[in-house]
Amino acid sequence: MSATSLSVQDPSRVPDDNPLVEGLERLPVRSTVIVIFGGTGDLAQRKLLPALYNLAHEGALPDHIELVGIARRPLTDDGFRERAREAIGRFSRRAPDAAVLDGLLRGVHHLSGSFDSDGLFDQLQELLSELDVSTGRALNRVFYLATAPEFFAAIVDQLGRRGMHEHDGREVRVVIEKPFGYDLESARRQNHAVLHYLDESQVFRIDHYLGKETVQNLMALRFANAFFEPVWNRNYIDHVQITAAEDIGIGGRAGYYESAGALRDLVQNHMLQLLALLTMEPPTAFEANRLRDEKLKVLEAIVPPAPSEVAAMAVRGQYSAGVVGGSESPAYRSEEGVAADSRTETFAALRLHVSNWRWAGVPFYLRTGKRLSRKLTEIAVTLKPVPHLAFQSSGSVGVQSNQIILTVQPDEGVSVSLGAKIPGARMRIRPVNMEFHYGTSFLSESPEAYERLILDAMRGDATLFTRNDEIEALWGIVDPILSAWHADTRSPIAQYPAGSAGPVEAATLLEDGRAWRRL
Ligand code: NAP
């Protein structure tokens, strides 16, 4: 059916829909205009435009899509098109096909202006109306705020004051990048500002970790298999370790990192999201509010430390000079743009408890850091030891508690460790692993997180986005730690050599003979 035959008056009919291709759900996506605020920025060039290309390649985009980039620098439509072409060629996970790329870039526009200028938003309003007219129907609108956080509220305000948050019975959605808030207070203020014009159902706060296949597989593992859930509680689980280790430093982002630090950069969002998905009760449906209700409940069960408890529950560190991957690395305080007396943490480790019936007494240890010995994100669930070892007297050695390891990156998969008998006359036990690797089990490449998330935002499915109350609960957990660290301007920050596993002080968080897993 031709795209122009669609009646604008009948929003229930979606004849221009393009059912999604195999591998993705067959759900309709309406014709849409995507406006990227910050279209020339690093995120847009490295992630958003390549993600749009890959969606186009898979036939997952609607028949009709228009793309508007906004930035201060003066660019023509053609200039923006060429930048987009170059970015896609450079960063797409698959080599672009010329016909698909030309098709995607046909509907590309650029507006130059500053986010605080009324004139820019007048131009935008005019352009969006023209696109509706030239397309022959009112388009859904996705406003993607790929800008510094200080502009989020101001942009929504500009859109709202002009009534652009509503559109002729079509959907208007706003995707907001991270970080959402700097602390609990600022997150509340930002929620308040954004929800002044928008309904929560229109807001899509990104945490791109939730778009990763392995993170969603955590839910599949727990709720699509009968054998994990019965042991998923305080009776069988001894403790959990969540690691998000990076071998890279801060790159050229000293300005951002100096005011953020490891706790804000990774713990408040990604790591606590992993913890919530790992510990929440089973949702009744894989639906946005059902899932987020469960995450919220479990986040609210994590008791934030009182100021006097912070030192015993949280360790911060900073990398000193060292060697990573065979190359010399300077100390954090010697990196360009970093203050010589900086107290920003490049490493954070926490011990948290989930105070509810299922998890009472189980410690959750989280650690993240820059310039560690290798890049690894994993969740390691360690079960309690067996209550009685019948063959102990026969000289059994090497019996270890079972572990379930979920690797989020780099080698995505799940591994379960079991005790097995070493062949021979004696009853000697050794841990062996049962493994599942995404790469070998599914012969297709996983889509990038942003592909899934952009598509979900276009469809209005907020399941993998963070709700307003959830974001405040996340900040509520780290806020007392941030405050205590900020207030403490005297005690030395633990140092660790670049290329190591982090500061030795992190071991003080683990009780009862437990140890951090080797990096
Ligand atoms: P960036 O490279 O600095 O890009 C900022 C964009 O906004 C540019 O297009 C810039 O273009 C435009 N811009 C800046 N000030 C403007 C103004 N006053 N008026 C109009 N346009 C303006 O930033 P980024 O790295 O893409 O990050 C964008 C957002 O995504 C941030 O919130 C960041 O935290 C988040 N994020 C980024 C990444 C990443 O990998 N980069 C990852 C996760 C989250 P002009 O200079 O031409 O105006």
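Residues numbered from 1 in each chain as written. Predicted model: local features only at pLDDT ≥ 70, side-chain atom pairs only at ≥ 80, totals over all residues. Heavy atoms only, no water.

(A) Representation of the overall build of the protein chain. The helix and strand tally for the protein chain stands at 14 helices and 17 strands. Here the protein chain has a C-alpha radius of gyration of 25 Å; the compact-globule value for 519 residues is 24 Å, and the two agree. When the backbone C-alpha atoms are referred to their principal axes, the protein chain occupies close to 85 × 50 × 45 Å. Buried residues in the protein chain amount to 53% of all 519 residues. Sequence separation of 24 or more characterises 76% of the internal contacts of the protein chain that already satisfy a separation of 6 or more. (Helix = DSSP H or I, 4+ residues; strand = E, 2+ residues; numbered from the N terminus. Rg over C-alpha atoms; globule rule 2.2 N^0.38 Å. Buried < 20%, exposed > 50% of the residue type's maximum accessible area, 1.4 Å probe, protein only. Contact = heavy atoms within 4.5 Å.)

(B) Local environment of the packing of helix α7 (residues 213-223) against helix α9 (residues 262-279). α9 packs onto α7 with a crossing angle of 15° between their chain directions and a minimal axis gap of 9 Å. Classified by the angle between their axes, α7 and α9 sit roughly parallel to one another. As α7 runs across α9, the sense of the crossing is right-handed. Touching V215, L218, M219 and R222 of α7 are L274, L277, L278 and T279, all from α9. Here the contact of α7 with α9 is built from residues that sort into six nonpolar, one polar and one charged. (Axes fitted to C-alpha atoms, helices over the stretch in contact; angles between N-to-C directions. Parallel < 35°, antiparallel > 145°, perpendicular 65-115°, else oblique. Left-handed = near helix turned anticlockwise from the far one by under 90°. Nonpolar A, V, L, I, M, F, W, Y, C, P; charged D, E, K, R; others polar.)

(C) Representation of the sheet that holds strand β2 (residues 65-71) in the model. Read from one edge to the other, the open sheet built from six strands follows the order β3-β2-β1-β4-β5-β6, with strand pairing classed as parallel. The open sheet terminates on both sides in strands that have one partner only, identified here as β3 (108-112) and β6 (203-205). Pairs of neighbouring strands in the sheet enclose a mean axial angle of 20°, with direction left out of account. Where β2 and β3 come together, five bridges link them in parallel fashion. Among the inter-strand pairings, G69 is bridged to a residue of β3, identified as H110. (Pairing = 2+ DSSP bridges.)

(D) Seen up close, the confidence of the model for the protein chain. For the protein chain, mean pLDDT is 91; residues scoring 70 or higher make up 94% of the total. For the stretch residues 1-24, pLDDT sits under 50, and the model shows 51 contacts to residues farther than four places along the chain or on other chains. (pLDDT = per-residue confidence, 0-100.)

(E) Expanded view of the sheet that holds strand β15 (residues 413-421). In space, the nine strands of this open sheet follow the order β16-β15-β14-β13-β7-β12-β11-β8-β17, with mixed pairing throughout. Every other strand in the sheet has two partners, leaving β16 (429-437) and β17 (494-497) as the edge strands with one partner each. When strand polarity is set aside, the average angle formed by the axes of neighbouring strands in this sheet is 20°. Contacting β13 (376-383), β14 (403-409), β15 and β16, α7 runs over the sheet at an angle of about 150° to β14. Here helix α14 (residues 468-487) sits on the sheet in contact with β8 (314-320) and β11 (347-353), set at roughly 60° to β8.

(F) Expanded view of the pattern of salt bridges. One pass over the full model with this rule turns up 36 salt bridges. The partner of D238 in a salt bridge is R514, with the nearest N and O atoms 2.8 Å apart. Taken together, the positions of D238 in strand β7 (residues 237-245) and R514 in the segment after β17 put the pair 276 residues apart, joining distant regions of the chain. One salt bridge in this structure joins R290 and E287, with 3.4 Å as the shortest N-O distance. What emerges from the salt-bridge pattern is a single network uniting D238, R351, E511, D512 and R514. (Salt bridge = Lys/Arg side-chain N within 4 Å of Asp/Glu carboxyl O.)

(G) Geometry of the site of the ligand. The environment of the ligand is made up of 21 residues, and the closest members are T40, R46, R72, R73 and T147. In the environment of the ligand, an oxygen atom lies 3.0 Å from a nitrogen or oxygen atom belonging to the backbone of G41. Within the side chain of R72, a nitrogen or oxygen atom sits 2.7 Å from an oxygen atom of the ligand. In the complex, the protein chains occlude 78% of the 890 Å² of accessible area that the ligand would expose alone. In terms of residue count, the dominant contributor to the shell around the ligand is helix α1 (residues 42-57) (three residues). Counted by class, the shell around the ligand contains eight nonpolar, seven polar and six charged residues. (Near = heavy atom within 4 Å. Polar contact = N/O pair within 3.5 Å; in protein donor to acceptor, adjacent residues only side chain to side chain. Areas by Shrake-Rupley, 256 points an atom, 1.4 Å probe, with all protein chains shown as cover.)

(H) Inspection of the pairing of strand β12 (residues 363-369) at higher detail. For β12, a buried count of seven out of seven residues is recorded, marking the element as mostly surrounded by other parts of the structure. Here β12 shows no split at all, with P363, Y365, R367 and G369 on one side and F364, L366 and T368 on the other all buried. Pairing of β7 with β12, which is carried by six bridges, proceeds in the parallel orientation. Looking at the pairing, T243 lines up with R367 of β12. In the sheet, β11 pairs with β12 via seven bridges, with the strands oriented antiparallel. Of the residues in β12, the one forming a bridge with A349 is R367.

(I) Fine view of the environment of T440. With respect to the helices, strands and loops of the structure, T440 is situated in helix α12 (residues 438-441). Classification of T440 by relative accessible area gives exposed; the value is 60%. For the pair T440 and G413, spaced 27 residues apart in sequence, the C-alpha to C-alpha distance is 9.7 Å.

(J) Layout of the side chain of R137. Inspection of the secondary structure assignment puts R137 in the loop between α4 (118-135) and β4 (140-145). Among the polar contacts listed, one links the side chain of R137 to the side chain of S31, at a separation of 2.9 Å.

(K) Molecular detail of helix α3 (residues 98-106). When we look at burial in α3, the residues that qualify are L101, L104 and L105. The buried side chains of α3 occupy one side of the element, clustering within an arc of 90° when seen end-on. When the buried face of α3 is taken as reference, the exposed residues oriented beyond 90 degrees from it are A99 and R106. For α3, the elements touching its buried residues are α1, β2, α2 (77-91) and β3. One side-chain oxygen of the residue at the start of α3 lies 3.0 Å from the amide nitrogen of A99, identifying that residue as D97. (Arc of directions from axis to C-beta.)

(L) View of the nonpolar core. Core analysis: the largest hydrophobic core is formed by 148 residues, its most contacted members being F37, L124, F143, L366 and I404. Per-element tally for this core: the top contributor is α9, with eleven residues. Discounting residues that sit within four places of it in the chain, I404 has contacts with L221, F228, W232, I379, A380, V381, L383, V414, S415 and V416. (Core = buried A, V, L, I, M, F, W, Y, C linked by side-chain atoms within 4.5 Å.)

(M) Broad picture of the pairing of β15. One ladder, built from five bridges, connects β14 with β15; its direction is antiparallel. From the neighbouring strand, I404 faces β15, where its bridge partner is V416. Connecting the antiparallel pair β14 and β15 is a turn made up of three residues. Relative to β16, β15 runs antiparallel, the two being bridged by nine bridges. What sits directly across from V416, in β16, is M434.

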